[in-house]
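Here is how the chains run, residue by residue.
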Amino acid sequence: MNVSLDAALAEAESRYVAANPASLARHEAARGAMPGGNTRTVLHYSPFPLAWTKGEGAVLTDLDGHTYTDFLGEYSAGLYGHSNPKIQAALRRAIDDGTVLGGPNVYEAELAGLLKSRFPSLQSLRFCNSGTEANVFALMTAQAHTGRKKIMVFDGGYHGGVLYFGHGGIPINLPLDWVIAPYNDVEGSLDLIRRHGSELAAILVEPMLGSGGCLPARKDFLGALRQAASELDIILIFDEVMTSRLSSGGLQAALGVTPDMTTLGKYLGGGASFGAFGGRADIMGHYDPEKPGYWPHAGTFNNNVLSMSAGLTGLRDIYTPAAAMELNAKGDRLRDGLNALGEKHDVPLSSTGYGSFIGLHFTKEIVDRPLHPSAEVEATHDKLHKLMHLDFIAAGLFFARRGYMALSLALTDGDIDRFLAQTEEFVTSRRPLLV
């Protein structure tokens, strides 16, 4: 199997290189100024990534003039597609009225009020510049509020560029006192909470692992964390940087589990840089500069007019609760269709996720926590992901190499049908390699 898989990969890669000389040339030139020609690791894939020149609706155009239907959605930040006219008008308005104003603007308070009304945990909130920043601020807030130092996170979790807990973490993670618990494992997690409870400042959890494979948390798991945190005065933080789009009030509203704090980011800036953190009034009250002994929270671009204007327009005028339901239905149809194809053709291809998020896995098993297969099996799965990625690029369909998708509002039912048809073509033509 490995020999034929390697041969198929070599052929697919050769085809890819021949079809994309301009992207290859750009990559080689970029290597002169940036390590590996890259400034955002997730965008790199071998032999080199496609470079985009234009995005319109759900369609991307690369340097070589090829067009692709985009199922990646800028890793969930591209919820509105690449050229939503209302978003573009909001950005133009902000630009025309002047940028870098250096003071409060006309957008931020209304956007904050909308977020507060939608998310059950947000009694008060503050803006920052990214989901990474939001999580760092939330963790520092929890430590300062509780006077404790330890932070519980979960295997497979991703909370930003310096808060990465897949495959044992990375060398540049913040050097905090981490307690790493098993995701979706009630007893295993509660055991660690009982052992470290008096030292834990916070429990930081994604209600669905995003980077970890689009694995939704079970409600009983989140409920157990909520109860334990309340009993031991630990601050429960939901990282809803990605999952906030999964209902009008995020997964906390959909599942009925309310954390003490919530972090936000991605699409909520309407395509511009955005982050926010907030929660209980007694916690966030530390940041009130009208109170003695307040905690300063700096950030030159926290309330930049581009993010505030586009974010307000998107949340108020476009991503209504009805729009969220409609987009989730498209995701459910795609995910159900992918799983049906795996069963129909008896191949180890399955799909996980919730609503508009899709995670593809080369397994028949139900996945609800990060997979840790043997090195040999993982290497084979990596090759299959690479082959599927290259085959779909050749067919004009784009998603992340690891099998991740975040649908945008610009995708149509016809786009979903096309993706399912290409999946059937893939599992039929590549079946000997899959089984």
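This text follows the structure it describes.
Residues numbered from 1 in each chain as written. Predicted model: local features only at pLDDT ≥ 70, side-chain atom pairs only at ≥ 80, totals over all residues. Heavy atoms only, no water.

A. View of the sheet that holds strand E1 (residues 52-56). Taken together, the four strands give an open sheet; going across it, the order is E1-E2-E3-E15, and neighbouring strands pair in mixed fashion. The open sheet has two edge strands, E1 and strand E15 (397-398), and neither has a second partner. Pairing geometry for strand E3 (residues 67-70) and E15, over two bridges, is parallel. Residue pairing for E15: Thr69 is matched across the bridge by Leu397. (Pairing = 2+ DSSP bridges. Helix = DSSP H or I, 4+ residues; strand = E, 2+ residues; numbered from the N terminus.)

B. Representation of the side chain of Asn173. Residue position: Asn173 is located in the loop between strand E5 (150-154) and strand E6 (177-181). In this structure Asn173 comes out as buried when scored by relative accessible area, which is 15%. Here the side chain of Asn173 touches Leu163 through a polar contact of 3.3 Å, landing on its backbone nitrogen. (Buried < 20%, exposed > 50% of the residue type's maximum accessible area, 1.4 Å probe, protein only. Polar contact = N/O pair within 3.5 Å; in protein donor to acceptor, adjacent residues only side chain to side chain.)

C. Region of the structure containing the pattern of salt bridges. For the structure shown, the criterion picks out 25 salt bridges. Here Asp332 and Arg335 are joined by a salt bridge, their closest N and O atoms 2.4 Å apart. One end of the pair, Asp332, and the other, Arg335, are both in helix H11 (residues 321-344), three residues apart, so they sit about a helical turn from each other. Residue Asp332 is classed as partly exposed on the basis of its relative accessible area of 32%. With a relative accessible area of 8%, Arg335 lands in the buried category. A salt bridge links Arg333 to Asp417; the nearest nitrogen and oxygen atoms lie 2.9 Å apart. Linking Arg333 in helix H11 with Asp417 in helix H13 (residues 413-429), this pair joins segments that are 84 residues apart in sequence. (Salt bridge = Lys/Arg side-chain N within 4 Å of Asp/Glu carboxyl O.)

D. Highlighting empty space enclosed by the protein. Counted by the stated rule, this structure contains one cavity of 30 Å³ or more. In terms of lining residues, the largest cavity is bounded by Gly57, Ala58, Asp70, Gly73, Gly78, Gly81, His82 and Ser408. In terms of residue class, the lining of the largest cavity is made up of one nonpolar, six polar and one charged. (1 Å grid on protein atoms, 1.4 Å probe; cavity = no way out; pocket = protein on both sides within 12 Å on 5 of 7 lines; lining within 4 Å. Points joined across faces, edges and corners; volume = space filled by probe spheres on them. Nonpolar A, V, L, I, M, F, W, Y, C, P; charged D, E, K, R; others polar.)

E. Structural view of the pairing of strand E12 (residues 275-279). Most of E12 is tucked away: five of the five residues are buried. Neither face of E12 is exposed, since Gly275, Phe277 and Gly279 on one face and Ala276 and Gly278 on the opposite face are all buried. Pairing between strand E4 (residues 124-128) and E12: five bridges, direction antiparallel. What sits directly across from Leu125, in E12, is Gly278. As paired strands, strand E11 (residues 261-265) and E12 are joined by five bridges and run antiparallel to one another.

F. Here's a closer look at the side chain of His389. If you trace the backbone, His389 turns up in helix H12 (residues 375-394). His389 gets classed as buried once you look at its relative accessible area, which sits at 1%. Excluding anything up to four places from it in sequence, His389 contacts Tyr45, Phe398, Phe399, Ala400 and Arg401. (Contact = heavy atoms within 4.5 Å.)

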